[in-house]
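Chain by chain, the residues run as shown.
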Amino acid sequence: MADKYDAIVIGAGPGGMTAALYATRANLNVLVLDRGPYGGQMNNTDAIDNYPGFTEIKGPELSQKMYDTLMKFEPDYKYGNVQSVELDGDEKVVKTDDDKEYRAPILIIATGSDHRHLNVPGEEEYSGRGVSYCAVCDAAFFKDEDVVVIGGGDSAIEEGIYLSQLAKSVTVVHRRDKLRAQPTLQKRAFANKKMKFVWNAQTEEILGDGTRVTGIKYRDKETGAEKEIKAAGVFIYVGVLPQTKPFENLGILNEQGWIPTNEHMETKAPGIFALGDVREKDLRQIANAVGEGSVAGQAAYNYYQDLKD
Ligand code: NAP
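This text gives an overview of the structure that appears in the document. Just so we're clear, the structure is a prediction, and the values are computed from it rather than from any experiment.

Moving on to the pattern of salt bridges. Applying the stated rule across the entire model yields 16 salt bridges. We note a salt bridge from Lys 143 to Asp 144, for which the minimum N-O separation is 3.7 Å. A salt bridge links Lys 281 to Glu 292, with the nearest nitrogen and oxygen atoms 3.0 Å apart. Linking Lys 281 in the loop between β21 (272-274) and α6 (286-308) with Glu 292 in helix α6, this pair joins segments that are 11 residues apart in sequence. Take Lys 281 and Glu 292: they sit in the same class, and that class is buried. The structure contains a network of salt bridges with shared partners spanning Lys 4, Asp 88, Glu 91, Glu 101 and Arg 103.

Going through the model one piece at a time under the given rule, you end up with 9 aromatic pairs. Aromatic pair Tyr 38 and Tyr 67: ring centres 3.7 Å apart, planes at 5°, arrangement stacked. Taken together, the residues span a long stretch of sequence, with Tyr 38 in the loop between β3 (30-34) and β4 (47-48) and Tyr 67 in helix α2 (residues 59-71) at a distance of 29 residues. On the basis of relative accessible area, Tyr 67 is assigned to the buried category, the value being 17%. Aromatic pair Tyr 38 and Tyr 77: ring centres 6.3 Å apart, planes at 85°, arrangement edge-to-face. Taken as a pair, Tyr 38 in the loop between β3 and β4 and Tyr 77 in strand β6 (residues 76-79) lie far apart in primary sequence, 39 residues in all. The exposure class of Tyr 77 is partly exposed, given its relative accessible area of 21%.

Within a regular strand, side chains alternate between the sheet's two faces. Of all 6 residues that make up strand β8 (residues 91-96), 5 are buried, and the element is covered over most of its length. Summarising the sheet, strand β7 (residues 82-88) and β8 pair through 6 bridges and their orientation is antiparallel. Bridge pairing links Leu 87 to Lys 92 in β8. Here 4 bridges tie β8 to strand β9 (residues 101-104), and the two strands are oriented antiparallel to one another. By the bridge assignment for β9, Val 93 is matched with Arg 103. From the end of β8 to the start of β9, which pair antiparallel, there are 4 residues, and Asp 99 there has a positive phi angle of about 60°.

Basis of the calculations
- Residues numbered from 1 in each chain as written.
- Predicted model: local features only at pLDDT ≥ 70, side-chain atom pairs only at ≥ 80, totals over all residues.
- Heavy atoms only, no water.
- Salt bridge = Lys/Arg side-chain N within 4 Å of Asp/Glu carboxyl O.
- Helix = DSSP H or I, 4+ residues; strand = E, 2+ residues; numbered from the N terminus.
- Buried < 20%, exposed > 50% of the residue type's maximum accessible area, 1.4 Å probe, protein only.
- Phe/Tyr/Trp six-rings, centres within 6.5 Å; stacked < 30°, edge-to-face > 60°.
- Pairing = 2+ DSSP bridges.

Below is the structure:
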């Protein structure tokens, strides 16, 4: 027997929690499912300095505050690793990997994004043995060591700055001669004495001694020369991929797997909303995930009223 709700929110990052808050506050019977701790990517972020209301706050602390705010309105909150969603008339049938089934006329997708792999030799072999995708999780293993960060976006630079607090040196290896990261982050990174930059460098291999990472091999795109950098750790931040596998059969994804919506966070499928990092958009921030969550929660309420009429 499936448990029935008015709305099911998949993903308890900042956007999903806000959508659930608005929908519950509008008196819908809401289930929130997440396969990990609430907070999503905020848990992997050390200091957040661009979320209004807090001059600076630790990611896990902001996660806890958002969760506490949400739980004041008493939605049902459960562990759930969603495997598939099927349509049964107006109802969306959500199935999880522990063989649970949940039904609701409204589905709100807030599953976010996951890190992209570089797909070079050595990356998989040394994953967890020097190769990492989470500085906040793994920085402590590299105290007083030389580390490399690959990428030039907000994540690479923010995490590089974080790593510099513990590591001996942080070398940012970027494939162009300009960073993509926000100017404020760039300014902090360029002023950081422990950070070095290698430009126009295409990483070709993660090197190791069979047990642990020893460095990287890259090609200098200007001269074509192959070069090496010695490092005990390699942190890879080369972009993000949508977490949308369970929704592939719903006809709501674009070619790259992101979910396009209109301004009400409605997808192509009636009663299915999407918001936050999983949505097709340019800017992925906590602030806009929260804003989109409020829009989705209210739109879900409006949809529910129309269904009842
Ligand atoms: P991103 O903005 O897509 O940047 C990815 C970086 O990796 C780019 O510099 C890109 O180079 C490089 N790259 C991509 N593929 C590569 C490859 N095969 N080899 C080498 N380099 C490669 O990803 P992100 O930094 O993870 O950020 C994801 C989203 O979260 C963004 O919207 C970002 O603004 C947001 N975010 C915000 C904050 C914040 O506000 N504090 C913090 C973290 C993330 P090119 O520049 O040449 O394309």
